[in-house]
Amino acid sequence: MTGADDSKGQRGRGSRIWVGLGVVVVAVVVVGGIVERRMHVESLSRQTADASIPRVQVISPEHGPKTRTLDLPGNISAWYQAPIYAQVSGYVQMWYKDIGAKVKAGEILATIDTPGLDAQYAASKANFDVAMARYKLAQITAKRWKALQGTQAVSQQEVDVQAANAEAQAAEVEAARHEVSRYAALIGFKQIVAPFDGVVTSRLADVGDYVNAGGGDVSSRGTATELFSVADVHRMRVFVSVPQDYADIIGPKLTGDITVPQYPGRVFKAKFLATAKAFNAATRTVTTELVVDNDRRELWPDSYATVHFTAPGDPDILILPEGALLFRAQGMQVAVVDDHNRVRLRNVTVGTNLGTKVQILAGVGLHDRVVNNPSSGLLEGQEVYLVGSTPGYNDAGASAMAKAPVTENTKDDDDVRAMPADQGAADTGARR
């Protein structure tokens, strides 16, 4: 019995040992799970807190350029350009100059056959002859009655009537003479002539076309167009709409470089001629006129051109990219990062828009760290992390980051490794 009891006691002790070991294992597993979960929660909390802090790239204001450049579209027009209409009705008898022909002032472009006008001209000359004959008869009669004045043969009333009749006939002669002159002038319009030296830019008349007095070639719809168009191209006018921001460059000393698509690489020099001195309310631009010599007739009327202006700038005025500006109810602002990596919103005064950058007249200093492309949700005093620039997109931030003051680093190593290699060190030292 003693041996049996010992065997049972040993089996009981063995069972308790295994039970104890199982309890220990379960306790270790439970504790390990709790600890691991707590570590995950703490890690997630750190990541969440870290992710709540915005990442920003900062830049520094720059000195403005010494010169300002501006490229604007322009329209090239002839020095003089005139559409030529008919002044008499008739049919085109012949045209002598086609498009592209060089003409001199007074040179005949076409002739018009006007049989009706010719008949009226002949009738006016006949009426003039009749009026002249009546005037001569009235003069002779008046002289005869004047000779009998003071005798019993005629009365003073009759003498005065004959003198007045002679004067009336003289007026009739004068009226007939003017009528002849009017028709003679119209006969002269049978010849269509060039108003000035230039080039024929259009010809819309053909032999046999009917043309209307005071109009031109009458189409099937009854509308009239010009017969010819002549342009003086020895010099050309260039019209440019200058934005209001650049209106200060307009003046007698203004010059521009003209380029046109048909002559790649060629530059034509233009000088200031005039300006409208009034802005277009729809576009806020002012029409400015330049003049360019065209002795070689290389520029054509109604051509599109690009006008390149160069004007002096002010290096003492700081500039920032347009993307750094915030448009808010408080006015124009920028977000500046202080030495503690917290955002400070500053009101700024904006000057001339230079295209992609704008002048900042007041509100920032040369060494301020300005947030580039700030989010509209940035708040005053908000903590931010400074990050590096995106290669090929905003590399300008790299130089600013290199100059940024370094503070204590609390950023996780994983976030540091996610940065560009050349920015990791700078960004690591810039985070608080």
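The following paragraphs examine the structure supplied in this document. (Residues numbered from 1 in each chain as written. Predicted model: local features only at pLDDT ≥ 70, side-chain atom pairs only at ≥ 80, totals over all residues. Heavy atoms only, no water.)

### Notes on the overall build of the protein chain
Counted only if it meets this: Runs of E in the DSSP output that reach at least two residues are strands. Runs of H or I that reach at least four are helices, and both are numbered from the N terminus. The buried label applies to any residue whose accessible area, calculated with a 1.4 Å probe on protein chains only, is under 20% of its type's maximum; exposed applies above 50%, and partly exposed to all values in between. Should any heavy atoms of two residues lie within 4.5 Å, those residues are considered in contact. Areas reported as accessible are Shrake-Rupley estimates using a 1.4 Å probe. Residue values count occlusion only from the protein chains shown.
Tallying secondary structure elements over the protein chain gives six helices and 24 strands in all. Within the protein chain, the fraction of its 432 residues that count as buried is 34%. Partitioning the contacts of the protein chain with sequence separation of at least 6, the portion at a separation of at least 24 is 75%. Taken as a whole, the protein chain presents about 25,500 Å² of accessible surface, with 56% of it coming from carbon and sulfur.

### Focus: the pattern of salt bridges
Opposite charge on two side chains permits pairing when their charged atoms draw close. This is how it is decided: One speaks of a salt bridge when a side-chain nitrogen belonging to Lys or Arg is within 4 Å of a carboxyl oxygen belonging to Asp or Glu.
Tallied over the entire structure, the rule returns 13 salt bridges. Across the pair arginine 237 and glutamate 289 runs a salt bridge whose closest N-O atoms are separated by 2.7 Å. Of this pair, arginine 237 sits in strand 12 (residues 228–243) while glutamate 289 is found in strand 15 (residues 285–293), placing the two residues 52 residues apart along the sequence. Like glutamate 289, arginine 237 is buried. Across the pair glutamate 298 and arginine 266 runs a salt bridge, and its minimum N-O distance is 2.9 Å. You can see glutamate 298 sitting in the loop between strand 15 and strand 16 (303–312) and its partner arginine 266 sitting in the loop between strand 13 (255–259) and strand 14 (268–275), a full 32 residues away along the chain. For arginine 266, a relative accessible area of 31% gives the class partly exposed. One continuous salt-bridge network, built from bridges that share partners, spans Arg266, Arg296 and Glu298.

### Let's talk about the layout of surface pockets
Quick reminder of the rule: Each cavity reported here is a set of points on a 1 Å grid over the protein atoms alone in which a 1.4 Å probe fits but cannot get out, each pocket an open set with protein on both sides within 12 Å along at least five of seven lines, and each lining residue one with an atom within 4 Å of a point. Grid points are joined across faces, edges and corners, and a volume is the space filled by probe spheres set on the points. All residues other than Ala, Val, Leu, Ile, Met, Phe, Trp, Tyr, Cys, Pro, Asp, Glu, Lys and Arg, Gly among them, are scored as polar; the first ten of these are nonpolar and the last four charged.
Computed from the structure, the second largest pocket encloses a volume of approximately 160 Å³. Taken together, Lys102, Val199, Thr201, Val233, Arg297, Leu299, Trp300 and Pro301 form the lining of the second largest pocket. For the lining of the second largest pocket, a count of residues per class yields five nonpolar, one polar and two charged.

### Digging into the nonpolar core
What counts is decided by this rule: Grouping buried Ala, Val, Leu, Ile, Met, Phe, Trp, Tyr and Cys residues that are joined through side-chain atoms within 4.5 Å yields what is termed a nonpolar core.
Grouped together as the largest cluster of nonpolar side chains are 30 residues, with contacts concentrated most on Ile76, Val238, Val240, Ile258, Leu290 and Phe309. Elements supplying a minimum of two residues to this core: strand 3 (67–84), strand 12, strand 14, strand 15 and strand 16. Residue contributions to this core peak at six residues, all from strand 12. Excluding anything up to four places from it in sequence, leucine 290 contacts Met236, Arg237, Val238, Val240, Leu254, Ala270, Lys271, Phe272, Leu273, Val307 and Phe309. With 21 residues, the next largest nonpolar core counts Val88, Tyr183, Val211 and Leu227 among its residues.

### Overview of the side chain of serine 229
In this structure, serine 229 sits in strand 12. Serine 229 sits in the buried class, given a relative accessible area of 7%.

### Examining the sheet that holds strand 2 (residues 62–63)
Applied cut-off: Between any two strands, at least two bridges found by DSSP are needed for them to pair.
With antiparallel pairing, the four strands of this open sheet are ordered in space as 2-17-22-21. One side of each edge strand has no neighbouring strand; the edge strands of this open sheet are strand 2 and strand 21 (349–353). Sheet topology note: the strand 17 (residues 318–321)/strand 22 (residues 357–362) ladder contains four bridges and is antiparallel. In the strand pairing of strand 22, leucine 318 is matched with isoleucine 360.

### With respect to a nonpolar patch on the surface
Heads up, the rule is: Residues enter patches when they are more than 30% accessible in relative terms and free of salt bridges; like-charged ones are connected within 9 Å and nonpolar ones (Val, Leu, Ile, Met, Phe, Trp, Tyr) within 5 Å.
Residues Ile17, Trp18 and Leu21 make up a contiguous nonpolar surface patch of about 380 Å² in total accessible area. In this fold, tryptophan 18 is placed in helix 1 (residues 2–51).

### Notes on the packing of aromatic side chains
Selection rule: Stacked, edge-to-face and tilted are the three classes for Phe, Tyr and Trp ring pairs, Trp counted by its six-membered ring, which pair at centre distances within 6.5 Å; planes under 30 degrees apart are stacked, over 60 edge-to-face, the rest tilted. Only Lys NZ and Arg CZ are tested; either one counts as a charge over a ring when it is within 6 Å of the ring centre and within 35 degrees of the ring normal.
This structure, assessed with the given rule, holds four aromatic pairs. Among the aromatic residues, ring-to-ring pairing joins Trp79, Tyr80 and Phe196 into one connected group. Looking at arginine 182, its charged tip hangs above the ring of tyrosine 183, at a distance of 4.5 Å from the centre.

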